[in-house]
Amino acid sequence: MSCDQCHEREAVIHLTQIVNEQATTIHLCERCAAEKGVESTASVEQNPFAKLVAASMGKASPDLTLVGAGTRGACPRCGATLQDFRESGRLGCADCWRAFEAPLRDLLRRLHGSTVHMGERYAERDGAVRANGDSAPRQADLREQLRLAIETENFELAAELRDRLRVLE
Amino acid sequence: MIDLSLLTDGGVGWLDASGPASHLVLSTRIRLARNLADHVFLTRNSEPDREEILSLVHRAAQDTVLLRRAVTFRLDSLERTERQLLHERHLVSKELAGLDSDGKVRAGASVLVQDRLGVMLNEEDHLRLQGLHSGLALEQAYSEVDRLDAELGQRLPFAFHPEFGYLTSCPTNVGTGLRASVLIHLPGLVLTKEMSKVLQGLAQVGLTFRGLYGEGSEFVGNFFQLSNQTTLGKSETELLDHLGKMVRQVIDYEEQARQVLLRDAPTIIEDKVWRAFGLLRYARSLSFDEAINLFSGVRLGVGIGLISGVGMYTLNKLLVYTQPAHLAVAHGLGIADPELSVRRAQYVRRVLEEEVGRRA
């Protein structure tokens, strides 16, 4: 299989990234991968953070064709560039995480030894804010509030919530 | 003027020394970093953006159970000493309080507080949910903050990525956004010169340590904050279990170190403890640095049973109320006024006298 980037050398690195919840795999040769700041071995060192940012981002070329939607390495939403991140160590917005996904993934591997969140998932929480607000979680939400109110001995609120629930039911 | 009486427990309920292992562990703190998906992060946002975030979170908080009666402190409208007081109470970070070297407060910097829970707003992340508990209480503290997270998450669109988890401004916090810290007093390990070895060991197992006032603060009075270093790749429960296990091990080491001290150098330890107690009871002027080191000596004395007339709660109270901004606000003095050292010594003498008299 040849490299997706130079179409000349043999691809040795196969990088799967998730953009807008869709997985795409990119095949790169060692040199193209190195130019994009992707390393073939994931080293988990305990270096100070600043050094890590510099080490993992320093090699990334300004032309990050690997990045999601942005052009020339700028986040399409807030306009932050990798250079901005390199200097401040802070991202500009939630979309930066998508725009700079590949180099960030490498950084996360060094910082946390992993790139995959294993904790609570926001969307799976009861009644988490979604684009289409349906009314079904509303009752469950009120019941949970009622439970909390009773537990925290906030009886005035509990009475109010009970009345609201009665109306819905 | 800041009105702390609005807080039900004065914001120091975590001091009461009621929690597990509270002879060594002062408090457990849990913090969750969250951002609103539809607002740019702090480094790129404007003052109106931050105001909007404030009002959105306020509205959401009023609709919750856990924060509906919250008191709001707008740090950008408080004097420096008042901001420092909130920081001394561990209610806000040094950064949010604008106590870094440039001394500037960010417009929109605020904190909501209700009982043991709070939310810092317009910190490095839009929201920093936090909970403080007395003693070593990782699960209890987390479960409260987790419920607050659920309540707010139902009302606010948090930035979340299917692979990376909760998105934060700094990659060191991404994923769970969870930082759990245990504030622990370790004089035995410091005196036996074992502390650096222990801290090195902790770094190797993915934990980190800070001083009494969190990030970038000095190690004073043999107090250390131990917390998880990584936030991604492990579940909240795994992170807490790991930290808890390590803290319990550190507690064992500390107890052993105290036994060694009592066995091998009893005279030196007794002298150290009683000197500390004597100075606190009779000194006419105390700097905060001197006071906190003496508190450490007395705390050790109480812990190993040398001093019996002083409670941990009293020692915790002394630690909080002798801090510079606390004394300055209480007496209407400037933060750098040399009179503070005199007032500090007065306060310490009075509290100890009452305590010893009461218990005798």
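Details of the structure are given in the entry above.
Each chain has its residues counted from 1, running along the sequence as written. Ligands are numbered from 1 and chains lettered from A, in the order in which they are written. With the structure being a predicted model, the display of local features is reserved for residues of pLDDT at least 70 and the display and counting of side-chain atom pairs for 80 or more, all residues being used for whole-chain, interface and lining totals. Heavy atoms from the whole structure form the basis of all side-chain values; hydrogens and water molecules are not counted.

Colleague: Any chance you could break down the packing of aromatic side chains for me, citing the residues and the numbers?
Modeller: Each Phe, Tyr or Trp ring, with Trp reduced to its six-membered ring, pairs with another whose centre is within 6.5 Å; inter-plane angles below 30 degrees give stacked pairs, above 60 give edge-to-face pairs, and intermediate values give tilted ones. Tallied over the entire structure, the rule returns six aromatic pairs over all chains. Ring geometry for Tyr122 of chain A against Tyr166 of chain B: centres 6.1 Å apart, planes inclined by 70°, an arrangement best described as edge-to-face. Remark: Tyr166 of chain B occurs in strand S7 (residues 165-166) and Tyr122 of chain A occurs in the loop between helix H5 (101-112) and helix H6 (136-151); the pair is interchain, linking two chains. An identical accessibility class is assigned to Tyr122 of chain A and Tyr166 of chain B; each is buried. With 5.8 Å between their ring centres and 75° between their planes, Trp274 of chain B and Phe277 of chain B make a pair best called edge-to-face. You can see Trp274 of chain B and its partner Phe277 of chain B sitting in helix H7 (residues 266-282), three residues apart, about one turn around the helix. Grouping aromatic residues by their ring pairs yields a cluster made of Tyr122 of chain A together with Phe158, Phe160 and Tyr166 of chain B. The ring of Tyr166 of chain B has Arg34 of chain B lying over it, and the distance from NZ or CZ to the ring centre is 3.4 Å. In this text, helices come from DSSP runs of H or I with a minimum length of four residues, and strands from runs of E with a minimum of two, each type numbered from the N-terminal end. The cut-offs for exposure are 20% and 50% of the maximum accessible area for each residue type, with area from a 1.4 Å probe on protein chains only; residues under the lower value are buried, those over the upper are exposed, and the others partly exposed. Charge-over-ring placement is defined geometrically: NZ (Lys) or CZ (Arg) within 6 Å of the ring centre, and within 35 degrees of the ring normal.

Colleague: Explain the side chain of His185 of chain B to me, using residue names and the numbers behind them.
Modeller: On the secondary structure map, His185 of chain B appears in strand S8 (residues 178-185). Any pair of N or O atoms that falls within 3.5 Å is considered a polar contact. Within protein, one atom must be able to donate a hydrogen and the other to accept it, and sequence-neighbouring residues count only if both atoms are side-chain atoms. Within the structure, the side chain of His185 of chain B is placed 2.8 Å from the side chain of Ser296 of chain B, a separation counted as a polar contact.

Colleague: Account for the environment of Cys93 of chain A, naming residues and giving values.
Modeller: All names here are of chain A. Mapping Cys93 onto the fold places it in the loop between helix H3 (82-88) and helix H4 (96-99). Judged by relative accessible area, Cys93 falls into the buried class, the value being 0%. When the C-alpha atoms of Cys93 and Gly79 are compared, they prove to be 9.3 Å apart, with 14 residues separating the residues in sequence.

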